[in-house]
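Examining the three-dimensional arrangement
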Amino acid sequence: MAWCQACERYLTPSTLTSEGACPGCGREVQHPEAVPVSQGASAGSEVPAGAAAERIPWHFWLLLGAAAVYLGWRAVQGVALLL
C-alpha cells in the first residue's frame, strides 16, 4: 500500500496517477520496502513490509473450532438417525 506523507493517507495502486503520484497533492508517494520472509517460505521469496507480521486473530480459531464441534455433533446425529 502506498503512503502519501503530505496527505497522511494510504493509497491503492488504482488511485495513483499514471506517474505513480498522489492524486490529491501530486507528490511522489512512498512504497513499502520488500523484506525477506524469515520463516515458512523459500530463501528467495519476499513480501511487503508488515505482511510477515500479520497473523490470524485468535477469535477466528475459536470460530473455526466451534464450527468443527457443531458439524461433528451434527454428523453423530445423522449417523444415529440412519441407524
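Overview of the structure.

**Overview of the overall build of the chain**
A count of helical and extended segments in the chain gives one helix and four strands. For the chain, the α and β elements follow one another from N to C terminus as β-β-β-β-α. Put simply, the chain has 83 residues, and 10% of those count as buried. In the chain, 16% of the contacts between residues at least 6 apart in sequence involve partners at least 24 apart.

**Focus: the nonpolar core**
If you look at the biggest cluster of nonpolar residues, it comprises six residues: Ala 2, Cys 4, Leu 11, Leu 16, Cys 22 and Val 29. The residues contacting Leu 11, other than those within four sequence positions of it, are Met 1, Ala 2, Cys 4, Leu 16, Cys 22, Pro 23 and Val 29.

**Some remarks on the packing of aromatic side chains**
How two aromatic rings sit relative to each other is set out by the distance from centre to centre and by the angle between their planes. Per the counting criterion, the structure on display carries two aromatic pairs. For the ring pair Phe 60 and Trp 61, a centre distance of 5.5 Å and an interplane angle of 70 degrees mean the geometry is edge-to-face. When its relative accessible area of 38% is taken as the criterion, Phe 60 is described as partly exposed.

**Focus on unusual backbone geometry**
One non-glycine residue, Glu 8, lies in the positive phi region at around 55 degrees. With respect to the helices and strands, the residue Glu 8 is situated in the loop between β1 (2-4) and β2 (9-11).

**Considerations on the environment of Trp 3**
Tracing the chain through its elements places Trp 3 in strand β1. According to the relative accessible area criterion, Trp 3 is partly exposed, its value standing at 24%. The sequence separation of Trp 3 and Gln 30 amounts to 27 residues, and the corresponding C-alpha distance is 5.2 Å. At a separation of 3.1 Å, a polar atom in the side chain of Trp 3 contacts the side chain of Gln 5.

About the thresholds
- Residues numbered from 1 in each chain as written.
- Predicted model: local features only at pLDDT ≥ 70, side-chain atom pairs only at ≥ 80, totals over all residues.
- Heavy atoms only, no water.
- Helix = DSSP H or I, 4+ residues; strand = E, 2+ residues; numbered from the N terminus.
- Buried < 20%, exposed > 50% of the residue type's maximum accessible area, 1.4 Å probe, protein only.
- Contact = heavy atoms within 4.5 Å.
- Core = buried A, V, L, I, M, F, W, Y, C linked by side-chain atoms within 4.5 Å.
- Phe/Tyr/Trp six-rings, centres within 6.5 Å; stacked < 30°, edge-to-face > 60°.
- Polar contact = N/O pair within 3.5 Å; in protein donor to acceptor, adjacent residues only side chain to side chain.

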